[in-house]
Amino acid sequence: MKFNTKTIHGGQHNIDPAYNSVMPPIYQTTTYGQSSPGEHKGFEYSRSGNPTRAALERSIASIENGDYGLAFSSGLAAIDAVLKLLKPGDEVISTSDLYGGSYRIFTRIYEDFGIKFHFVGMENVANIEKFINENTKLVWVETPTNPMMNIIDIKAAAAITQKHNLLLAVDNTFATPYLQTPLDLGADIIMHSATKYLGGHSDVVMGSLVVNDKSLAQKLYFIQNASGAVPGPQDCFLVLRGIKTLHLRVQRHCENGRAVAHFLKSNSNVDKVYWPGFEDHPNHQIAKKQMSDYGGMVSFTTKEGTLESAINVVSRVKIFTLAESLGGVESLAGHPASMTHASIPKKDREKTGVVDSLIRLSVGIEDIDDLIADLAQALE
Ligand code: PLP
């Protein structure tokens, strides 16, 4: 099956033997009757498994070209499950410019459990190798990075992790499997904040993992069930519905993102524009190689370069909504320094480019003329 068919049919055959419904029923149940102890039809308790969740998990695995999918109650719960594969004394090498919440769970929760994190600029993947020692277990890659839109060469990172027998996890939230499929490039684990493009309508918080290796899937399934951060069936239904239009939506996000990036580049009140589709983007060649297009996320700094100027712009937009999050059909504008990345100390975030004048746009699928007119009036 090709991608545009998988979004609709991947893992969905025979989802309702009772009535052949086209969408899976929402199995709003906690438990399932057993004919004798341990004799059941595949589900016994909805933390351990639920048919609506299973339909979604198969769909997510299918679109990521993976064998096993797992859904969690948020993207951070999915990250949490990956970190629970580790033991005190283990070390993780992570992208230095990443979602603030990922940084927070790494440094404020798991460092206290004796896990050490190294934050490394991975635009040059050779930097990863400098931090590998006998305690290293996991390399965490986010690409494109949030919010600086750096691109990390997944295939080159996988060559390093395979050589040293480490796990490579890729946060594929920004790209979505429409644009890149990290398992095909050698990653071991794909993580999503399904809250974003997979759900696509800003109405569900959810996370997911996809892997190919059976024993890794079993370990993660054990953690999913033992820790219990699972999504409810109604939310699984909504994300499954979202995935059915993922290809159409992301295609339009990319078209609009491209137009917005070029508009911003030509605007005299804008300083830098971060979008991997520009030929002068430092990692453009890698983006071109590993992604099929460049996505709908665009970041930029104001010409004035002050906190006030950025706050002014994000407060003046009318069609863009000033809000956290991304990846929904509607356009959002965010101020990373005070919103998504406020949990990263100022000196650390500024090192990676998250300065006070940086604005991050999640370009939606509205009419592009309206989006550009809105940005033009806000920047004036
Ligand atoms: N990863 C990235 C790249 C994100 O942008 C986010 C949320 O913004 C997360 C992970 C966390 O996901 P969630 O908010 O669903 O817990």
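Remember, predicted model here, so these are calculated numbers, not experimental data. (Residues numbered from 1 in each chain as written. Predicted model: local features only at pLDDT ≥ 70, side-chain atom pairs only at ≥ 80, totals over all residues. Heavy atoms only, no water.)

Chemist: What is the right way to read the domain arrangement of the protein chain from this model?
Modeler: If you check the domain split of the protein chain, you get domain 1 (3-243) and domain 2 (246-379). Centre-to-centre separation of domain 1 and domain 2, based on C-alpha positions: 25 Å. Summed over the three residues of domain 1 that lose the most area to domain 2, namely Met148, Leu179 and Tyr197, the buried surface amounts to 22% of that side. Linking domain 1 with domain 2 are one salt bridge, by the criterion used here. For lysine 289, the salt bridge goes to aspartate 153, with nearest N and O atoms at 3.1 Å. For the pair domain 1 and domain 2, the interface holds 21 residue pairs in polar contact (both at pLDDT 80 or more). (Domains from an automatic or database assignment. Buried area = accessible area lost by both parts, 1.4 Å probe. Salt bridge = Lys/Arg side-chain N within 4 Å of Asp/Glu carboxyl O. Polar contact = N/O pair within 3.5 Å; in protein donor to acceptor, adjacent residues only side chain to side chain.)

Chemist: I tried to follow the site of the ligand on my own but got confused; where do I start?
Modeler: Surveying the vicinity of the ligand reveals 14 residues, the closest of which are Gly75, Asp171, Ser193, Thr195 and Lys196. The separation between an oxygen atom of the ligand and a polar side-chain atom of lysine 196 is 2.6 Å. Considered on its own, the ligand offers 390 Å² of accessible surface; in the complex 92% of this is hidden by protein. Those elements giving two or more residues to the shell around the ligand turn out to be α3 (75-83) and β6 (189-193). Among the residues making up the shell around the ligand, the classes are represented as five nonpolar, six polar and three charged. (Near = heavy atom within 4 Å. Areas by Shrake-Rupley, 256 points an atom, 1.4 Å probe, with all protein chains shown as cover. Helix = DSSP H or I, 4+ residues; strand = E, 2+ residues; numbered from the N terminus. Nonpolar A, V, L, I, M, F, W, Y, C, P; charged D, E, K, R; others polar.)

Chemist: Just to check I follow, could you spell out the environment of serine 266 for this structure?
Modeler: If you trace the backbone, serine 266 turns up in the loop between α10 (246-265) and β8 (270-274). Spatially, the C-alpha atom of serine 266 lies 51 Å from that of serine 215, the residues being 51 residues apart in sequence. A distance of 2.8 Å separates the side chain of serine 266 from the backbone oxygen of phenylalanine 263, its partner in a polar contact.

Chemist: Even after reading the chapter, I still don't get the sheet that holds strand β10 (residues 321-322), so can you show me in this structure?
Modeler: Whether parallel or antiparallel, the strands of a sheet pair through hydrogen bonds between backbone atoms. On the basis of which strands lie adjacent, the open sheet formed by five strands has the order β8-β9-β12-β11-β10 and mixed pairing. A strand with exactly one partner marks an edge of an open sheet, and here the two such strands are β8 and β10. Of the pairings in the sheet, the one linking β8 to strand β9 (residues 297-302) comprises three bridges and is antiparallel in character. If you follow valine 273 over to β9, its bridge partner there is phenylalanine 300. Strand contacts of helix α12 (residues 307-316): β9, β10, β11 (332-334) and β12 (358-362), with the helix running at about 135° to β9, the strand carrying the most contacts. (Pairing = 2+ DSSP bridges. Contact = heavy atoms within 4.5 Å. Axes fitted to C-alpha atoms, helices over the stretch in contact; angles between N-to-C directions.)

Chemist: Mind showing me how you'd approach the pattern of salt bridges here?
Modeler: Pairs may arise between side chains of opposite charge once their charged atoms sit close together. The tally for this structure, following the rule as stated, stands at 14 salt bridges. The partner of glutamate 350 in a salt bridge is arginine 349, with the nearest N and O atoms 4.0 Å apart. A residue is classified by how much of its surface remains accessible, and glutamate 350, at 32% relative accessible area, is partly exposed. One connected set of salt bridges, linked through shared partners, spans Lys346, Arg349, Glu350 and Asp356. (Buried < 20%, exposed > 50% of the residue type's maximum accessible area, 1.4 Å probe, protein only.)

Chemist: Quick question: what am I supposed to make of the packing of α10 against helix α14 (residues 368-379) here?
Modeler: Relative placement of two packed helices is described by the angle separating their axes and the distance separating the axes. At their nearest, the axes of α10 and α14 sit 10 Å apart, and the two run at 30° to each other. Judged by the inter-axis angle, α10 sits roughly parallel to α14. Note on packing geometry: the crossing formed by α10 with α14 is right-handed. Counting all contacts with α10, which are made through Asn256, Ala259, Val260, Phe263 and Leu264, the residues of α14 involved are Ile368, Leu371, Ile372, Leu375, Ala376 and Leu379. Counted by class, the contact of α10 with α14 contains 10 nonpolar, one polar and no charged residues. (Parallel < 35°, antiparallel > 145°, perpendicular 65-115°, else oblique. Left-handed = near helix turned anticlockwise from the far one by under 90°.)

Chemist: I keep staring at the packing of α3 against helix α4 (residues 100-110) and nothing clicks. Help me out?
Modeler: The contact between α3 and α4 brings their axes to 10 Å, and the two run at 45°. By the angle between their axes, α3 is oblique relative to α4. Where α3 crosses over α4, the handedness of that crossing is right-handed. On α4, the residues that touch Leu76, Ile79, Asp80 and Leu83 of α3 are Gly101, Ser102, Arg104, Ile105, Phe106 and Tyr110.

Chemist: Is there a simple way to think about helix α2 (residues 51-63) in this case?
Modeler: An α-helix turns once per 3.6 residues; consequently, residues spaced three or four apart project the same way. Between its terminal C-alpha atoms α2 stretches 19 Å, which fits the 18 Å expected from 13 residues at 1.5 Å a residue. The element α2 is extensively covered by neighbouring structure, given that 12 of its 13 residues are classed as buried. (Expected span 1.5 Å × (residues − 1).)

Chemist: Whenever I open this one, the pairing of strand β3 (residues 116-120) confuses me. Can you help?
Modeler: Both faces of the sheet carry side chains from a regular strand, because those side chains alternate between them. Where strand β2 (residues 91-95) meets β3, five bridges bridge the pair, whose relative direction is parallel. Bridge pairing in β3 places serine 94 opposite phenylalanine 119. With α4 bridging β2 and the parallel β3, this β-α-β connection has right-handed handedness. (Right-handed = clockwise from strand over helix to strand, strands pointing away.)

Chemist: Please explain the side chain of asparagine 127 as it appears in this structure.
Modeler: Relative to the elements of secondary structure, asparagine 127 occurs in helix α5 (residues 126-130). Judged by its relative accessible area of 19%, asparagine 127 is buried. Dropping the residues within four chain positions of it, asparagine 127 is found in contact with Val120 and Gly121.

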